[in-house]
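Summary of structural features
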Amino acid sequence: MRLLRIVPDDTKFDFMRFRRISFPLSALLSIAAIMLYFFHGLNFGIDFRGGTLMEVRETAGPADLAKMRATLGGLNLGEVQLQQFGGPSEVLIRIAEQPGGDAAQQQAVQKVRAALGDKIEYRRVEVVGPRVSGELLSYGVIGLGLAIIGILIYLWFRFEWQFALGAMIANVHDLVLTIGFMSMAQIDFDLTSIAALLTILGYSLNDTVVIYDRIREMLRRYKKMPMADLLNASVNQTLSRSVITHVTVTLALLALLLFGGQAIHSFTATMMFGVVLVGTYTSIFIAAPILIYLGVGTGRDSLTSDKS
Amino acid sequence: MLYFTRWKAAAIVLTALIVCLFAVPNFLPSQTVDSWPKWAQRHLVLGLDLQGGSHILLEVDANAVRKEKLETTRDDVRRVLRDGRIGYTGLAIRGNSVEVRIREEASAAQALTKLRELSVPLGGLLGGSGQRNLDISSDGTLIRLTVTDAAMLERIRQSVDQSMQIIERRVNELGTVEPLIQRQGNDRILVQVPGLQDPSRLKELLGKTAKLDFRMVDVTNQVEQAVQGRVPSEDDLLYSASQPKTPYLVEKRVLVSGGDLTDAQPGFDQRTNEPIVSFRFNTSGARKFAQVTQENVGKPFAIVLDNEVISAPVIREPIIGGSGQISGSFTPQSANDLAILLRAGALPAPLTIIEERTVGPGLGADSIAKGKMSAYVGAALVVIFMLVTYGLFGLFANIAVAVNVAMIFGVLSLLNATLTLPGIAGIVLTVGIAVDSNVLIYERIREEVRAGRSPINALDAGFSRALATILDSNITTFIAAAVLFYIGTGPVRGFAVTLGIGILTTVFTAFTVTRLIVATWVRWRRPQRVPI
């Protein structure tokens, strides 16, 4: 049986030359992502903004969104959003945080229950009070920060500091782009999104570390190879692995995206973007070439000029 | 790298097998498992998002605790000064302090000495913190008693402890399986009740303070005047619990309180057939109640629950048996709930629901079905892809991944961990990542073969070089999972758990199972070339 070879043996792509395109491109995309964050904003879910989320199902048949909207609009609850969710009889109701503290949120839920009548199955009800939402947000941000610092310290111990810094720049860039994507797609930004961001951080680093491992090995083995060639060789040697692994992760994510249902849809969509699109690109086109600028193997570049 | 002693091989197989075996109870009907020894019964717990249920976070009303603490302090001051026959004016609560002015300068020093006795060290005899419950200062005839922060914290902590016991009694009355009641931080209580169709009854039971008082209705003053704002100082203006809201002028003095009840049961009135709650007092409660009803025949008294008048019957004859009944527009359900609340006792301070997450059983079942479906599809896709890419070695990888997943379930069961929908996503992702370790090894072997090594050499070098990389790359993801575990709650934590365990088992299988399979194959077939 002939085995599938996605990447042919002994590829010799000149990845380092692309840095003249990839670095400005990444800078541009990062700026765009940051602009999106500030001007378009993130669609904060109730975890971080407080408020109420109800997933309901009309038991008698398809839900009449217009009628439901009119009923709930008359309750004087401020901003109420309705959205078809899954099947035609399922509706997602979002109610903005009510003024008047924690007890007011519960009263809003009771009002909605009373108004919608008993032909409704309440599949999910989430109520987050103002204080909890503030705490969850700060935990999320602190968590992301802690993870970044923890990984940085680990890489610093295992590699030289330039590698740790390079990996960090590359992967913070991943996070920035992913947040930009979440802003653009207006994906609900909640605790699950923090989980997605942390996982993206972990996996992108996983990928970067594999390439760095190879670079370190090559640095030890070929003392005289010019840095750009060495980086190119390292990326090319690990290319087959990078591609195959990304295919398997993509397959797993695809299954989750298609069959995992609405509840984890935004989670998997974010992961798909972060791990598959950005993570792969970053490891090859940002994390590896940035080592040249961070001064790994500076002694070698003079050898290059000697040769030419 | 490819040589295993017989003992080592046996140890690896045995470890993997035992861990996998712990997953077995999850796939058997619970009747079968029930007869097994306790240690073998460990199994996965489905998260609330999968089996349906309510997660409710309650917070003790710190302001109410503060107010109550200050009011007791004020009453203590009044008692001490009266007992000492010391004249005072302007006894009042200001901020976190109670202030009082002593009439005569001469007795100010004596008052200060007496009041200092109210200040006691915190934590009883054993508490060596050195902090006291009150800071007392004086300025001429003005004495100020400030409740310390430490005392307030202590009081809140006690409130939480008492509340937890009472909540437990209330929730147990609902007859649900394995409710979880847990302290969170200093002033919060987490209540998780699985499998409820409708959480509103649970919330009703949790949200009520259930402070029951029997008090006299003030018939000497006009209730109409009170409604207009002239409430006599010894009375409270309260409204009826039932619609329409009827105002009552009720004396502040409590005759008998809910704390004197020994039992409460729902029932029906024999004459009117209305739902009622019948109750029984303890001895002292019965004596007090008998005395009060003897003195006040013909006058109305009010049964007050959480500052609402449930009913205000007229005392027709002295009630000396120590039992009675409350009637007042109950439904059978509300009579039953009130009985539960009265039996469980009153909360020391009101509790507020600050977070609620409820998943209906229907959605939970759907999520399980979707989780399973995506896991099967994801696994099938990865298995096929590995076979197409690596052939025989792809089969080895698939066996290793299958062992890996079984081990994840085993470890999760061993820890009695909670499986959530994001947790299932974590397992599916682990499948994607677990093959990565195999990919790293195989790609390395391909490279070594291309570099001209003999098959055995290539396999050996491939393993030894790839394993270092596998370790490095997995530790970074593990750090992310660990952080996620610490900051996350509920479903997110479930994801962190499966991800973290998945990484551990992945590293284990890459270092042992995959290697053992390949080593066994090499010894058996003595390959002349490596088929990857």
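Here the structure is a predicted model, which is why all the values come from computation and not from measurement.

Bringing the overall build of chain B into the picture now. For chain B, the helix and strand inventory stands at 16 helices and 19 strands. Relative to the globule expectation of 24 Å for 532 residues, the C-alpha radius of gyration of chain B, 35 Å, shows a markedly less compact shape. If one aligns the C-alpha atoms of chain B with their principal axes, the spans along those axes are about 110 × 65 × 45 Å. By the burial criterion, 43% of the 532 residues in chain B qualify as buried. Of the contacts made within chain B by residues no fewer than 6 positions apart, 69% connect residues no fewer than 24 positions apart.

With a phi angle near 65°, N76 of chain A is a residue other than glycine that sits in the positive phi range. Relative to the elements of secondary structure, N76 of chain A occurs in the loop between α3 (65-73) and β3 (80-84). Even without a glycine there, the phi angle at R526 of chain B is positive, about 45°. By the element assignment, R526 of chain B lies in the segment after α16 (513-525).

All right, on to the interface of chain A and chain B then. Tallying the contact residues gives 60 residues for chain A and 58 residues for chain B. Residue assignment for the side of chain A that touches chain B shows that the elements contributing at least two residues are α4 (101-116), β5 (120-128), α5 (130-158), α7 (191-221) and α8 (227-259) of chain A. When grouped by side-chain class, the residues that make up the side of chain A that touches chain B number 34 nonpolar, 15 polar and eleven charged. The sheet contact formed by β5 of chain A and strand β18 (residues 351-359) of chain B spans five bridges and is antiparallel. Bridge pairing in β18 of chain B links V127 of chain A to E356 of chain B.

A packed helix pair is summarised by two numbers, namely the angle formed by the two axes and the spacing between the axes. All names here are of chain A. With their axes 10 Å apart at the nearest point, α8 and helix α9 (residues 265-287) run at an angle of 175° to one another. Between α8 and α9, the crossing angle belongs to the class labelled roughly antiparallel. Facing V235, S242, H246, V249, T250, L253, L256 and L257 of α8, the residues of α9 in contact are T268, A269, M271, M272, V275, V276, T280, S283 and I284. Considering only residue class, the contact of α8 with α9 consists of eleven nonpolar, six polar and no charged.

Further remarks concern the sheet that holds strand β3 (residues 88-94) of chain B. All names here are of chain B. Strand order in the open sheet formed by four strands is β3-β4-β6-β5, and the pairing between neighbours is antiparallel. Each end of this open sheet is capped by a strand with a single partner; those strands are β3 and β5 (134-139). Geometrically, the sheet is characterised by an average inter-axis angle of 15° between neighbouring strands, direction not taken into account. Pairing of β5 with strand β6 (residues 142-147), which is carried by six bridges, proceeds in the antiparallel orientation. Note on β6: the bridge partner recorded for S138 is I143. Along the sheet, helix α5 (residues 108-116) contacts β4 (97-102), β5 and β6; its crossing angle with β6, the most-contacted strand, is approximately 15°.

All names here are of chain B. All of the buried residues along α5 are A108, A111 and L115. Taken around the axis of α5, the buried residues stretch over an arc of 60°, which confines them to a single face. Opposite its buried face, α5 presents the exposed residues A109 and T113, each directed more than 90 degrees away.

Residue and element names in this part refer to chain B. Looking at the secondary structure, you find A496 in helix α15 (residues 490-511). Separated by 18 residues in the primary sequence, A496 and F478 place their C-alpha atoms 9.2 Å from one another. In this view, A496 contacts A481, L484, F485 and G488; residues no more than four positions away in its chain are not counted.

Take the nonpolar core next. Counting residues in hydrophobic clusters, the biggest one holds 206 residues, and the most contacted among them are L198 and A252 of chain A together with V428 and L484 of chain B. A per-element tally of this core places helix α13 (residues 421-450) of chain B first, with 16 residues. Once residues within four sequence positions are removed from consideration, L484 of chain B is found in contact with G143, A195 and L198 of chain A together with V492, F495 and A496 of chain B. Formed by 13 residues, the second largest nonpolar core is a distinct cluster that contains L70, V77, L115 and L145 of chain B.

Residue and element names in this part refer to chain B. On average, residues of chain B carry a pLDDT of 86, and 98% of them reach 70 or more. Element-level mean pLDDT values for chain B span from 78 in helix α2 (residues 30-34) up to 92 in helix α12 (residues 392-414). For this predicted complex, the interface confidence comes out at an ipTM of 0.87, alongside a pTM of 0.81.

Time to look at the environment of V112 of chain A. Residues and elements named next belong to chain A. Looking at the element boundaries, V112 is found in helix α4. Expressed as a C-alpha distance, the spacing of V112 and G101, which sit eleven residues apart in the sequence, is 18 Å. With near-sequence residues (within four places) excluded, V112 lies in contact with M54, L72, L75 and I93.

Residue and element names in this part refer to chain A. Structurally, A96 can be placed in the loop between β4 (90-95) and α4. When the C-alpha positions of A96 and A287 are compared, they lie 42 Å apart, and in sequence the two are 191 residues distant. Setting aside its immediate chain neighbours within four residues, A96 contacts G51, G78 and E79.

Rules used in this analysis
Residues numbered from 1 in each chain as written. Chains lettered and ligands numbered in written order. Predicted model: local features only at pLDDT ≥ 70, side-chain atom pairs only at ≥ 80, totals over all residues. Helix = DSSP H or I, 4+ residues; strand = E, 2+ residues; numbered from the N terminus. Rg over C-alpha atoms; globule rule 2.2 N^0.38 Å. Buried ≥ 20, exposed ≤ 12 C-beta atoms within 10 Å, placed from the backbone. Contact = placed C-beta atoms within 7 Å. Nonpolar A, V, L, I, M, F, W, Y, C, P; charged D, E, K, R; others polar. Pairing = 2+ DSSP bridges. Axes fitted to C-alpha atoms, helices over the stretch in contact; angles between N-to-C directions. Parallel < 35°, antiparallel > 145°, perpendicular 65-115°, else oblique. Arc of directions from axis to C-beta. Core = buried A, V, L, I, M, F, W, Y, C linked by C-beta atoms within 7 Å. pLDDT = per-residue confidence, 0-100.

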